[in-house]
Amino acid sequence: MDTIDRLLGEADQAWRGYGVGSADRAALAADLRLDLRAAAADGGDPAQLIGGDVAGFARRLADEAGVRRVRGDYGRILGMALIGAVLGVVLGYGLLMAAYPAFVRMVDIPRSIDVPVQLAVAVYYGIPAAVVITGAVIAVRTRLRDLPRIRRTAQLMSVLMPVAGIVIMPITVAFAWATGYSAAPPVVVAEIAMVLAALAGATVLARRLSLREGRTAAETSHADATRVKPA
């Protein structure tokens, strides 16, 4: 039974990656378990029934069963989010340069009006960051509108990406402080990589959550449609 459970676990991972919903995975696993147990009862090796490529076997089984799959398309979404973020960087940099004189006046404002420097810095850097995130979300929402659940993905991105930015900001600042605020290319590249990694993680999480919500809704609808009503 350990071999059967191991094979079913590998198959379930393959089905997850293939975009198969939990209800269909459970049905496929139940049928496959029966076949594997029958093979074991006949004295055969359950692994030989599947072959060496468990993932490929699982995908073929899902295709033959005609189960509905939802594509993740993480690569396309990440790529489009990056393009939108780069365009946002360009626009944000322009806004940053335009706002620089106002930023200087805000910092050097007369003492009669006490404006915290932290607030000025937050506004100075917050506006370009907001433009970058907005560019990524708009690019994903408008250019990939053919993908299922993309609207919900963009909505979740608009929430999770600012959170990721807030989390990564002190880490990046601490890294910059540890390097003496060096402007050396490797240091700058590392700082950019940290920020991009945080935003990419938020994008992937947004996509996963949107697909999970969609599968849950579909499974609930299917259960309601097939529920036997009492006489």
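Since this is a predicted model, take the numbers as computed values, not measurements.

## Looking at the pattern of salt bridges
In this structure the tally under the stated criterion is three salt bridges. One salt bridge connects Arg 33 with Asp 5, and the closest N-O pair in it is separated by 3.2 Å. Of the two residues, Arg 33 is situated in helix H2 (residues 22–41) and Asp 5 in helix H1 (residues 2–17); the sequence distance between them amounts to 28 residues. A relative accessible area of 27% means that Arg 33 is categorised as partly exposed. Residue Asp 5 is classed as partly exposed on the basis of its relative accessible area, which comes to 41%. Between Arg 6 and Glu 10 there is a salt bridge, and its shortest N-O distance comes to 3.1 Å. Of this pair, Arg 6 and Glu 10 both sit in helix H1, four residues apart, which is roughly one turn of that helix. Arg 6 sits in the partly exposed class, given a relative accessible area of 42%.

## Side note on the side chain of Glu 191
Position of Glu 191 among the secondary structure elements: in helix H8 (residues 185–226). What makes Glu 191 buried here is its relative accessible area of 17%. Beyond its immediate sequence surroundings of up to four residues, Glu 191 is in contact with Thr 172, Phe 175 and Ala 176.

## Remarks on H1
With 16 residues, H1 ought to run about 22 Å at 1.5 Å a step, and its terminal C-alpha atoms sit 23 Å apart, in line with that. Residues of H1 that are buried: Ile 4, Leu 7, Leu 8, Ala 11, Ala 14 and Trp 15. With its buried residues spanning 120° around the axis, H1 presents them on a single face. Of the exposed residues in H1, those oriented more than 90 degrees away from the buried face are Asp 2, Gln 13 and Gly 17. Contacts from the buried residues of H1 go to H2, helix H3 (46–50) and helix H4 (54–65).

Quick notes on the rules
Residues numbered from 1 in each chain as written. Predicted model: local features only at pLDDT ≥ 70, side-chain atom pairs only at ≥ 80, totals over all residues. Heavy atoms only, no water. Salt bridge = Lys/Arg side-chain N within 4 Å of Asp/Glu carboxyl O. Helix = DSSP H or I, 4+ residues; strand = E, 2+ residues; numbered from the N terminus. Buried < 20%, exposed > 50% of the residue type's maximum accessible area, 1.4 Å probe, protein only. Contact = heavy atoms within 4.5 Å. Expected span 1.5 Å × (residues − 1). Arc of directions from axis to C-beta.

Any functional reading would require information that these geometric values do not contain.
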